[in-house]
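# Structural overview
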Amino acid sequence: MMRTSKLNGSFWGRMVVPGVIGLVSFMAAGLAASPEPRAIVSTGGLSDFVRPLIGTKGEGNVYPGPSAPFGLVQLSPDTDKKLWATASGYEYSDPTILGFSLTHLSGTGIPDLGDFLFVPQVGDPVFISGEKDKPEEGYQSTYSHDTEVASAGYYKVTLDKPGVTVELAAVTRAGMMQFTFPASEQASIMTDLAHVLSGGRWQIAQSHVRIEDKSTVTGYHLVNGWAKERHIFFAARYSRPFDEGLIISGGKPVIYDSHANYRFRSRNEAAGKDLRFLARYKTTENEVIKVKVAVSTVSAANALENLDAEIPHWDFNKVVNECCKLWDTELSCFALEGDQLEKETFYTALYHAFLMPNTHQDVNGQYRGFDHNFYTVEKGTNKYTVFSLWDTYRATHPLFCLVNAKRNADMINSMLAHYDQSVDKLLPVWELQANETWCMIGYHAVPVIADACINGLKGIDWERAFEAVKTTAMNPDYDAVADYERLGWVPFDKENEAVSKTLEYAYDDYTIAQMAKALGKTDDYNYFMKRAGYYKNIYDPETGFMRGRDSKGNWREPFDPQGFVQGGDFTEGTSWQYSWYVPHDVPGLTKLMGGRKNFCERLDKLFTLVSSESAGSEVDDLFGRIGEYWHGNEPSHHIIYLYSMAGQPWKAQKLLSHVVKTQYGNQPGSLTGNDDCGQMSAWYMFTCMGFYPVAPASGEYVIGAPQMKAITMKLTNGNTFAMTAENLSDENVYIQSVTLNGKAWNSPILPCAEVFKGGKLHFVMGSEPNKAWGVLPNN
């Protein structure tokens, strides 16, 4: 590894670095004498209940740093850039912090972003990161959670190695970093343009850095990552002009004397794949140096415009408080009765659900399109990016329909813009900063759009939207859709994950049919309802499971319903888990499985089955598995609610209480699965209210059981919907009776229209099941 020589003599002496490209010397006009007062991290509003560290340990994959609601920037510490499992860049149990980068994904299972890492140092500067368990070998530093503070809009930590306290704040497109240094002749802030959350796979294809003036730097890098061609620019302004600014390039190490060699002084920019910028300072004790930062997918000029428009001052506390107020406004769509733990868990779940998708356009309205041309949004609208649709169609977007409908309409219009800019005329599958990652399966932008249509969202051209969903679902070049249409299933000899794709296509087609019906398109309704029944073609009555078939109709041999093979017939699951994925036709699935009695007995077995993956009968493991049920992954999220639809709702009531109590909470390790851009959190919030969208676009919720004593939801349309749970306690988890607007409600089905028009849903709870409530007629 590269080592630095011991500095002596003049201010910076001699150092060995990987290729000095340019040096600009700026002697500071004056030094700040003392730090300003610490940021106010409490507004007295709902943002005080947000605990961003929830889910940062283990499987949650969320980040602790500040971001505005749906913000373009997410300033946060990175503890690892190589480990695939540390997709957000931060793992609570890691012993060291590499630095603080400007962009992050929330809760994904694949790493990316982590653009432009800022690293404060004292002493000999180091330009490479070492292993996290060997902090002496790189620029990373140990730290203690005792010095760590994370709240909505604010993050703070002290790095042991340099003795620097770092504070972060952010608004929508810009942020501010505040570094409190010890007295030092050799203080610095390095920006590593080669840093990205790579998972050990992704590469920087090109980067560029430019010293604009004595306190401003801009830069860019092109990343070949999960997003195959991701362009992103940054701008940074320093509160104190750097004493010297240095550009470092990779390559053959050279010895460079900053005072004896002047041949590079005129060079203030460089391009390459391995660039860093170093701002050097002499500091006094507790001197504060601030750095304002912003990003853009269009240009460095736009990044500067974002920065100057959103943070035109140097008041760190003002940035913190502005972000907190934004969060107070967003979180105010819910009011609840609960203890501190419940409020912290609920409002942090809402916070996580409102982090993504991200704002994509700059303050001037420009954004990079899917075709990498530049576009300008219409006034009064927003462009969004990062659509984890395999996850978020289930509960996150249905939640947006209720309490964030204007944003949801803008998100759908963003999907339609993607479709317009797509050569293949496809809606996004898993879109990331103007790139299609092709991650996961299905065409799940479709149920997001159909659900919004069914529920009457405004601001969308529904005829245009229907053209997009229909064209996407009939694209013959997409993942064996042609075979699926011809045979009635996706054949495993032509396509991997064939069973999961058949099931998910069938559900997506059902949602198109419902949208067609709402728009008066009878022929389209009939066509897509036929395809919605294709799930029956892969149900094997002999085994009682969904099972792969080849293009000649033969069943997959051998067949293990508990087995999972990467690239096999199932997507992140087994047949035991996926055989329940017919959310749009539970009566039809129940009939296939031999009626309600057999259906519920098989459900019982799902939760008690011992397997090599689960920790044992009826024992939860750290991934959220209870038997073969896997709460930590989305295909299982609707399954508990099937009891309510199959005549035994009391079993759902008990299980939902168990999952909420054991797999959610207010600790770093309280999420048992990737939060997946808010889906795990949205499941929790719906479940706390007592109902869940088992099949978005069906126009129905399914009642489970409330998990809080009272929740009031302020809807975007101006109405309010209140839920109250009388006698709810740790023992009283069973529904005794339900009223809707004062009238008895004996069905486990709650029409969406009843919620959207506002009202009051009242539960009476008890310690024993009331097996007479909520049993649907057995048609």
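Residues numbered from 1 in each chain as written. Predicted model: local features only at pLDDT ≥ 70, side-chain atom pairs only at ≥ 80, totals over all residues. Heavy atoms only, no water.

Here the focus is the overall build of the protein. If you tally the helices and strands in the protein, you get 18 helices and 39 strands. The C-alpha atoms of the protein give a radius of gyration of 27 Å, which matches the 28 Å a tight globule of 779 residues would have. Across its three principal axes, the protein shows a C-alpha extent of roughly 90 × 55 × 50 Å. Buried residues in the protein amount to 65% of all 779 residues. Within the protein, residue pairs in contact and separated by at least 24 positions form 71% of the contacts whose partners lie at least 6 positions apart. Considering the protein, the positive charge centre built from 70 side chains and the negative charge centre built from 90 side chains are found 2 Å apart. (Helix = DSSP H or I, 4+ residues; strand = E, 2+ residues; numbered from the N terminus. Rg over C-alpha atoms; globule rule 2.2 N^0.38 Å. Buried < 20%, exposed > 50% of the residue type's maximum accessible area, 1.4 Å probe, protein only. Contact = heavy atoms within 4.5 Å. Lys, Arg positive; Asp, Glu negative; His and termini not counted. Charge placed at Lys NZ, Arg CZ, Asp CG, Glu CD.)

Here 3 strands make up an open sheet; going across it, the order is S32-S33-S38 and the pairing antiparallel. Looking at the sheet topology across the chains shown, the edges are occupied by strand S32 (691-692) and strand S38 (749-751). Pairing between strand S33 (residues 700-703) and S38: 3 bridges, direction antiparallel. In the sheet register, tyrosine 701 faces S38, and the bridge partner there is leucine 750. (Pairing = 2+ DSSP bridges.)

With that out of the way, let us pick up the environment of aspartate 391. Its location among the elements puts aspartate 391 in helix H4 (residues 389-392). Taking relative accessible area as the criterion, aspartate 391 reaches 3% and is therefore assigned buried. For the pair aspartate 391 and cysteine 677, spaced 286 residues apart in sequence, the C-alpha separation works out to 7.8 Å. With near-sequence residues (within four places) excluded, aspartate 391 lies in contact with Trp430, Glu634, Asp676 and Gln679.

Let us now look at the sheet that holds strand S35 (residues 720-726). Strand pairing in a sheet takes place through backbone hydrogen bonds and is either antiparallel or parallel in direction. Read from one edge of the open sheet, 6 strands run S21-S34-S35-S39-S36-S37, paired in mixed fashion. Of all strands in the sheet, those with a lone pairing partner are strand S21 (334-337) and strand S37 (743-744), marking the two edges. In the sheet, strand S36 (residues 734-740) pairs with S37 via 2 bridges, with the strands oriented antiparallel. Within S37, the position partnered with threonine 739 by the bridge is alanine 744.

Our focus in this paragraph is the packing of aromatic side chains. By the definition in use, this model includes 45 aromatic pairs. Relative to phenylalanine 277, the ring of tyrosine 238 has its centre 6.3 Å away and its plane inclined at 65 degrees; by these criteria the two rings are edge-to-face. One end of the pair, tyrosine 238, is in strand S15 (residues 230-238); the other, phenylalanine 277, is in strand S19 (residues 275-283), and 39 residues separate them in sequence. Across the pair, phenylalanine 277 and tyrosine 238 agree in class, each one buried. Ring geometry for tyrosine 507 and tyrosine 581: centres 6.2 Å apart, planes at 80 degrees, overall edge-to-face. (Phe/Tyr/Trp six-rings, centres within 6.5 Å; stacked < 30°, edge-to-face > 60°.)

Take the pairing of S33 next. Where S32 lies against S33, 2 bridges are found, and the strand directions are antiparallel. From the neighbouring strand, tyrosine 692 faces S33, where its bridge partner is valine 702.

Another aspect to go through is the packing of helix H16 (residues 649-663) against helix H17 (residues 679-689). As a packed pair, H16 and H17 sit with axes 11 Å apart at the nearest point and diverge in direction by 130 degrees. On the basis of their axis angle, the class for H16 and H17 is oblique. For the pair H16 and H17, the sense of crossing is left-handed. On H17, the residues touching Leu656, Val659 and Val660 of H16 are Trp683, Tyr684 and Thr687. Residues of the contact of H16 with H17, tallied by class, amount to 5 nonpolar, 1 polar and no charged. (Axes fitted to C-alpha atoms, helices over the stretch in contact; angles between N-to-C directions. Parallel < 35°, antiparallel > 145°, perpendicular 65-115°, else oblique. Left-handed = near helix turned anticlockwise from the far one by under 90°. Nonpolar A, V, L, I, M, F, W, Y, C, P; charged D, E, K, R; others polar.)

With that settled, consider the pattern of salt bridges. Counted under the stated rule, the structure contains 29 salt bridges. As a salt-bridge pair, aspartate 243 and arginine 240 come within 3.0 Å of each other at their nearest N and O atoms. A single salt-bridge network, built from bridges that share partners, covers Asp112, Asp115 and Arg230. (Salt bridge = Lys/Arg side-chain N within 4 Å of Asp/Glu carboxyl O.)

Attention now goes to the packing of helix H8 (residues 462-473) against helix H10 (residues 498-518). Contact geometry of H8 with H10 gives a least axis separation of 11 Å together with a crossing angle of 150 degrees. With respect to each other, H8 and H10 are oriented roughly antiparallel. The hand of the H8/H10 crossing is left-handed. The segment H8 lies against H10, with Trp462, Ala465, Phe466, Val469 and Ala473 engaging Asp509, Ile512, Met515 and Ala516.

This part covers helix H1 (residues 300-310). Every buried residue of H1 is listed here: Ala300, Asn302, Ala303, Leu304, Asn306, Leu307 and Glu310. Check the buried side of H1 and you find it contacts strand S11 (174-181), strand S14 (216-224), S15, strand S20 (287-296), helix H2 (316-331) and strand S23 (366-368).

Before going further, it helps to examine the nonpolar core. Counting residues in hydrophobic clusters, the biggest one holds 167 residues, and the most contacted among them are Phe334 and Phe691. When residues of this core are assigned to their parent elements, the largest contribution, 11 residues, is made by H10. Membership of the second largest hydrophobic core comes to 43 residues, among which are Leu72, Tyr155, Met177 and Ala270. (Core = buried A, V, L, I, M, F, W, Y, C linked by side-chain atoms within 4.5 Å.)

Here we take up the environment of methionine 411. Its location among the elements puts methionine 411 in helix H6 (residues 405-421). Sequence separation between methionine 411 and valine 660 is 249 residues, and the spatial gap between their C-alpha atoms is 29 Å. The residues touching methionine 411, leaving out its near neighbours within four places in the chain, are Phe70, Pro357, Tyr384, Phe387, His397 and Phe400.

Turning next to the pairing of S11. Most of S11 sits inside the fold, with 8 of its 8 residues counted as buried. Two elements, strand S10 (residues 164-170) and S11, share 6 bridges in a ladder whose sense is antiparallel. In the sheet register, valine 166 faces S11, and the bridge partner there is phenylalanine 179. In sequence, S10 turns back onto S11 through a hairpin of 3 residues.

We now examine the side chain of aspartate 675. Relative to the helices and strands, aspartate 675 resides in the loop between H16 and H17. As a buried residue without a salt bridge, aspartate 675 has its nearest oppositely charged side chain in arginine 394, at a separation of 12 Å.

Attention shifts here to H6. Spanning 17 residues, H6 covers 24 Å between terminal C-alpha atoms, matching the ideal 24 Å at 1.5 Å per step. With 14 of its 17 residues buried, H6 lies for the most part within the structure. (Expected span 1.5 Å × (residues − 1).)

What follows deals with the side chain of aspartate 508. Among the structural elements, aspartate 508 can be located in helix H10. Although aspartate 508 lies buried, it forms no salt bridge, and the closest oppositely charged side chain, arginine 531, sits 8.6 Å away as judged by the N-O distance. Excluding anything up to four places from it in sequence, aspartate 508 contacts Gly442, Tyr443, His444, Val446 and Pro447.

What follows concerns the confidence of the model for the protein. On average, the protein scores 91 in pLDDT, and the residues at 70 or more come to 91%. In the model, residues 1-40 has pLDDT below 50 throughout and makes 150 contacts with residues more than four positions away in sequence or in other chains. Residue range residues 612-619 is modelled with pLDDT below 50. Its contacts to residues more than four positions away, or to other chains, number 17 contacts. (pLDDT = per-residue confidence, 0-100.)

To continue, consider unusual backbone geometry. In the segment running from methionine 356 into proline 357, the intervening peptide bond is cis, with an omega of 0 degrees. Relative to the assigned elements, proline 357 resides in the loop between helix H3 (340-353) and strand S22 (358-359). Residue proline 558 is bonded to the preceding glutamate 557 through a cis peptide linkage, with omega at -10 degrees. Assignment of secondary structure puts proline 558 in the loop between strand S29 (545-546) and helix H12 (575-578). Even without a glycine there, the phi angle at alanine 697 is positive, about 85 degrees.

For proline 135, the position within the fold is in the loop between strand S6 (117-122) and strand S7 (141-142). You can call proline 135 buried: its relative accessible area is 17%. Along the chain, proline 135 and threonine 96 lie 39 residues apart, while their C-alpha atoms are 7.0 Å from each other. Those residues in contact with proline 135, other than ones at most four positions away along the chain, are Thr96, Gln140, Thr142 and Lys161.

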